[in-house]
Amino acid sequence: MSVISSKSERAPRDKRAKKSRIKRINSTTTILWRNFTFFALGVIAVIALVCYGILGNAVMSQTKRRVRAVGEDMTKAINDVRVPMDVIEKKIYEYSLMDGADVFIFAADGELLIPSSGLTPERVEEVYDSVKANTGEWKEGKINEFSTRDGKKTVFNYAVCINLRGTEPCKMLVRFPVSHIAESVRQIELYVLLVALAAFIVAFFISYSLANRLSRPIMDISNTAQKLAAGNYDVQFNSAQYAEIAKLSDTLNYMKDEIKKSDDFRKELVANVSHDLKTPLTMIKAYASMIKEISGNDPEKRDKHLQVIIDESDRLTGLVNDILSTSKISAGLEEPNKKVFNLTELLYGVINKFNYLQETQGYSIMVDVEPNLYTLADEGQIYQVVYNLVSNAVNYTGADKTIYISLKYNAEEKRVKFAVRDTGKGIAEEELAHIWDRYYRSKDSHLRPVKGTGLGLNIVKVILQKHSFAFGVTSKEGEGSVFFVDFPLA
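Keep in mind it's a predicted model, so treat the numbers as computed, not measured.

A. Region of interest: the overall build of the protein chain. The helix and strand tally for the protein chain stands at 11 helices and 11 strands. For the protein chain, with 490 residues in total, the buried portion stands at 35%. The long-range fraction of contacts in the protein chain, counting pairs at least 24 apart against all pairs at least 6 apart in sequence, stands at 65%. Per element, the accessible surface of the protein chain, about 29500 Å² overall, is 56% carbon and sulfur.

Following this line, the structure appears as structure tokens:
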């Protein structure tokens, strides 16, 4: 009891631990949608950050370059004695009107030498104080750039020490308010943000649509696979517009067809094996009962009934051996053990196995065999191939009970061709493709002194395919069939 209790307590813990190790599984649509959305968000974020970083700096840099250009132009004009004062005053007025830049020329004592901008004396004094505080001692050609506050506005200042007309030391100031530029930049950044948000929303829905479009064929394949798993072999995996999914669909359709064949083989196997096992078992039981109840004391009848039991037991043994051989060879458990051997002697050994048919049932085996022909193959498996082909000819030959066997060397192809011909009804053209299948038997009636299992030709096919030997059959209805194998000459 304690052992059972321990297991029962441990089982839930193991189940919980196993469950905790299982990763959460998301649908393909969710994964694609999420990844596309994150990708779009990342791209938009990078673009927005670049716009934020570059736009403001670019506008401010352009403004400062323009203020410097005004300062340099005014410095050049003031230092040129050939330029009249009224021209200088006109330039100051034009820069104020066109560019919004105010130009001041202060004497050393703070006097405004050239009137500008119409500011009151108090405001002019404030401007001069800011210049004095940010420029320090006078030094010709010295340039200072600085920002100041003018109420709520931010002003960029360009101050340079010059000599008015080359004689009077003074300071020239070019000031430009940048608050409105900063405000414009902020508005542009806001527009960029709104555009980025709109782009993200559009990308969100586009990614959802694209994820659905990509995942729908996969979901269709999954649903079809579930129907296939339930045993519906009539399903069809539809190809999609994507090459990879189309290839997957084709592969799954091929797999479905092969599974259907295997399932058909399984059903046929159960039906045929059940029939082939049931008949001899019934016979064995029936004749054993007859021996027990009727012929036990009659030696002649007893021997006859015992022979039936022996024959049916041999038939069961042959069936089991054929099934095992087919399974082993198909599963690759019996790889060919190739060696050089005398194919002529092997063929005569097989023919000798059928001598009892010639002696007891009037069969004729016509032989045309060249001596000492050698080949490289698995001797045991090739013996099984030859025996099955001869046995098949015996089963299907005509009323004359004649079988023709030949083994000839083709010098041009350097191949040894084995052929066995019967005189039976032949094989219909539509049946030729199926005679190598498991448990397939011709629909036509035939003589069957040698009990078959329906696996003989399938074993022949599997063995020869393992050896990569050419083989086949030619047949014409009413004229019999010829089975052949091409062996390499050793």
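Structure shown, so let's carry the discussion forward.
B. Region of the structure containing the nonpolar core. Formed by 40 residues in total, the largest nonpolar core has its most connected members in Ile382, Leu389, Ile405, Phe418 and Phe483. Sorting the residues of this core by element identifies helix H8 (343-352), strand E6 (364-369), helix H10 (379-396), strand E8 (402-410), strand E9 (415-422), helix H11 (456-467) and strand E11 (481-488) as the ones contributing at least two each. No other element matches H10, which puts 7 residues into this core. Filtering out sequence-adjacent residues up to four positions away, Ile382 remains in contact with Phe341, Leu343, Leu346, Ala377, Leu464, His467, Phe469 and Phe487. Counting 24 residues, the second-largest nonpolar core is a separate cluster that includes Ile78, Ile105, Phe156 and Ile181.

C. How the structure looks around unusual backbone geometry. One non-glycine residue, Lys401, lies in the positive phi region at around 55 degrees. The phi torsion at Lys414 lies on the positive side, around 55 degrees, for a residue other than glycine. Residue position: Lys414 is located in the loop between E8 and E9. Overall, the relative accessible area of 59% leaves Lys414 in the exposed class.

D. Seen up close, the packing of aromatic side chains. Enumeration over the complete set of coordinates arrives at 6 aromatic pairs. Note on Phe106 and Tyr128: the rings are 5.2 Å apart at their centroids and 55 degrees apart in plane angle, and the pair reads as tilted. Placement of Phe106 in strand E1 (residues 102-107) and of Tyr128 in helix H4 (residues 121-135) is noted, with a sequence separation of 22 residues between them. By relative accessible area, Phe106 is classed as buried at 0%.

E. Representation of the sheet that holds strand E4 (residues 168-177) within the structure. Taken together, the 4 strands give an open sheet; going across it, the order is E1-E4-E3-E2, and neighbouring strands pair in antiparallel fashion. Every interior strand has two partners, whereas the edge strands, E1 and strand E2 (143-150), have only one. Pairwise comparison of adjacent strand axes, ignoring direction, gives a mean angle of 25 degrees for this sheet. Of the pairings in the sheet, the one linking E1 to E4 comprises 6 bridges and is antiparallel in character. Across the sheet, Ala107 pairs through a bridge with Cys170, a residue of E4. Contacting E1, E2, strand E3 (153-164) and E4, H4 runs over the sheet at an angle of about 135 degrees to E2.

F. Layout of the side chain of Asn253. By secondary structure assignment, the location of Asn253 is in helix H6 (residues 243-295). Take Asn253: its relative accessible area is 9%, and that puts it in the buried class. Ignoring any residue separated from it by four or fewer positions in sequence, one finds Asn253 in contact with Gln236 and Phe237.

G. Main features of the sheet that holds strand E10 (residues 471-475). Taken in spatial order, the 5 strands line up as E6-E8-E9-E11-E10 in an open sheet, and their pairing is mixed. Each of the sheet's edge strands pairs with one partner strand only, and the pair in question is E6 and E10. Geometrically, the sheet is characterised by an average inter-axis angle of 15 degrees between neighbouring strands, direction not taken into account. Across the sheet, H8 touches E6, E8, E9 and E11, and the angle it forms with E6 is around 175 degrees.

How each quantity is defined
Residues numbered from 1 in each chain as written. Predicted model: local features only at pLDDT ≥ 70, side-chain atom pairs only at ≥ 80, totals over all residues. Heavy atoms only, no water. Helix = DSSP H or I, 4+ residues; strand = E, 2+ residues; numbered from the N terminus. Buried < 20%, exposed > 50% of the residue type's maximum accessible area, 1.4 Å probe, protein only. Contact = heavy atoms within 4.5 Å. Areas by Shrake-Rupley, 256 points an atom, 1.4 Å probe, with all protein chains shown as cover. Core = buried A, V, L, I, M, F, W, Y, C linked by side-chain atoms within 4.5 Å. Phe/Tyr/Trp six-rings, centres within 6.5 Å; stacked < 30°, edge-to-face > 60°. Pairing = 2+ DSSP bridges. Axes fitted to C-alpha atoms, helices over the stretch in contact; angles between N-to-C directions.

None of this, on its own, says anything about what the molecule does.
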